[in-house]
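Structural overview
Given next are the chains, with one letter for each unit.
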Amino acid sequence: MGLLTLLLIALCAAGARGLYFHIGETEKRCFIEEIPDETMVIGNYRTQMWDKQKEIFLPSTPGLGMHVEVKDPEGKVVLSRQYGSEGRFTFTSHTPGDHQICLHSNSTRMALFAGGRLRVHLDIQVGEHANNYPEIAAKDKLTELQLRARQLLDQVEQIQKEQDYQRYREERFRLISESTNQRVLWWSIAQTVILILTGIWQMRHLKSFFEAKKLV
């Protein structure tokens, strides 16, 4: 029953994320994707250019391209490549955590686009959702039952990766919490010591004052 529940969760999970956004001539748009380690990610995009006369977005000209750059949680560049007005980029994560995916156009080379707007449709698929199962079935000559079993195995593997990533996050959060608690403890001790020293100094100062005034 537990395995079935996990599989249902995997089926309902958002493994594919589709959206569109607008960018200007020199604008750069970045997205943060939380990805477990050793997970394949596929991004599909297409661009549309704003037509001022018709006041609608039309398919971009072939000369317009998009530069895609992906950085891992440590800031290392995983992917940096120039693509066309429509295309697909693929990378595999090797470090769990937040990956930064940035896109910007080569609009500086396109006088037609200068000062205009560009609409970018982006679809990001993570894990087993990135697999093209019809293509796999045709290549490996799998029956429908074998293909379904392959999908379930991939989903279970992805669930395992997600669980490992959650354990990694919990461990990292625990270490941060312990470090913070230790710093708070030492700061409290330092404050107490400062208060005690201040009190001793004030007492000595008052004693010296009273002795100087011959009140004691």
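Source: prediction; values computed, not measured. (Residues numbered from 1 in each chain as written. Predicted model: local features only at pLDDT ≥ 70, side-chain atom pairs only at ≥ 80, totals over all residues. Heavy atoms only, no water.)

Some points on the side chain of Ser-85
The condition is simple: For helices the rule is a DSSP run of H or I covering at least 4 residues; for strands it is a run of E covering at least 2, with both sets numbered from the N terminus onward. Whether a residue is buried, partly exposed or exposed follows from its accessible area with a 1.4 Å probe, protein chains only, as a fraction of its type maximum: under 20%, in between, or over 50%, in that order. Contact definition: two residues touch when any of their heavy atoms are within 4.5 Å.
Secondary-structure assignment places Ser-85 in the loop between strand 6 (77-83) and strand 7 (86-92). The class of Ser-85 is buried, set by a relative accessible area of 15%. In this view, Ser-85 contacts Tyr-45, Arg-46, Thr-47, Ser-60, Thr-61, Pro-62, Leu-64 and Gly-65; residues no more than four positions away in its chain are not counted.

Concerning the environment of Asn-44
As a reminder, the rule being used: Definition of a polar contact: a pair of N or O atoms within 3.5 Å, with one able to donate and the other able to accept a hydrogen when the atoms are protein atoms, and with sequence-neighbouring residues admitted only if both atoms are side-chain atoms.
Relative to the helices and strands, Asn-44 is located in strand 3 (residues 40-51). Spatially, the C-alpha atom of Asn-44 lies 7.9 Å from that of Glu-86, the residues being 42 residues apart in sequence. Excluding its chain neighbours within four sequence positions, the residues that come into contact with Asn-44 are Gly-87, Arg-88, His-121, Leu-122, Asp-123 and Gln-125. For Asn-44, the side chain forms a polar contact with the side chain of Arg-88, separated by 2.8 Å.

Examining the nonpolar core
Using the following cut-off: Side-chain atoms within 4.5 Å link the members of a nonpolar core, which is a set of buried Ala, Val, Leu, Ile, Met, Phe, Trp, Tyr and Cys residues.
Counting residues in each nonpolar core, the largest one holds 22 residues, and the members touching the most others are Phe-89, Leu-103 and Leu-122. Per element, the largest residue contribution to this core is five residues, and it comes from strand 9 (residues 118-126). Setting aside residues up to four positions removed in sequence, Leu-103 forms contacts with Phe-21, Glu-27, Lys-28, Arg-29, Phe-31, Met-66, His-67, Val-68 and Leu-122.

Quick notes on the state of the cysteines
The condition that has to hold: Disulfides are defined as cysteine sulfur pairs within 2.5 Å.
For the coordinates displayed, the defined rule picks out one disulfide. Disulfide pairing is shown between Cys-30 and Cys-102; the S-S distance is 2.0 Å. Between Cys-30 and Cys-102 the sulfur-sulfur dihedral comes to about 110 degrees; the bridge is accordingly right-handed. On the criterion of sequence distance, the pair formed by Cys-30 in strand 2 (residues 28-35) and Cys-102 in strand 8 (residues 97-105) is long-range, its members being 72 residues apart. Under the relative-accessibility criterion, Cys-30 is labelled partly exposed at 34%.

Concerning the UniProt feature "transmembrane region" (unreviewed entry) in the protein
For clarity, the cut-off: UniProt positions are given in the numbering used here, feature names are shortened, and annotations may be inferred rather than shown by experiment.
If you check UniProt for "transmembrane region" (unreviewed entry), the listed places come out as residues 184-203 in our numbering. This span, residues 184-203, is 100% helix and 0% strand, and a straight line between its end C-alpha atoms measures 28 Å.

Notes on unusual backbone geometry
Non-glycine residue Glu-38 carries a positive phi angle of around 50 degrees. Counting through the fold element by element, Glu-38 comes out in the loop between strand 2 and strand 3.

Remarks on the packing of aromatic side chains
Using the following cut-off: For this analysis, a ring pair means two rings from Phe, Tyr or Trp (six-membered ring only for Trp) whose centres lie within 6.5 Å, classed as stacked if their planes differ by under 30 degrees, edge-to-face if by over 60, and tilted for the remaining angles.
Summed over all chains, the structure comprises three aromatic pairs. Between Phe-21 and Phe-31, the aromatic rings sit 5.1 Å apart at their centres with planes inclined by 55 degrees, giving tilted as the arrangement. Taken together, the residues span a long stretch of sequence, with Phe-21 in strand 1 (residues 16-23) and Phe-31 in strand 2 at a distance of ten residues. An identical accessibility class is assigned to Phe-21 and Phe-31; each is buried. Relative to Tyr-83, the ring of Tyr-45 has its centre 6.4 Å away and its plane inclined at 80 degrees; by these criteria the two rings are edge-to-face. Taken together, the positions of Tyr-45 in strand 3 and Tyr-83 in strand 6 put the pair 38 residues apart, joining distant regions of the chain. As far as burial versus exposure is concerned, Tyr-45 and Tyr-83 are alike and both buried.

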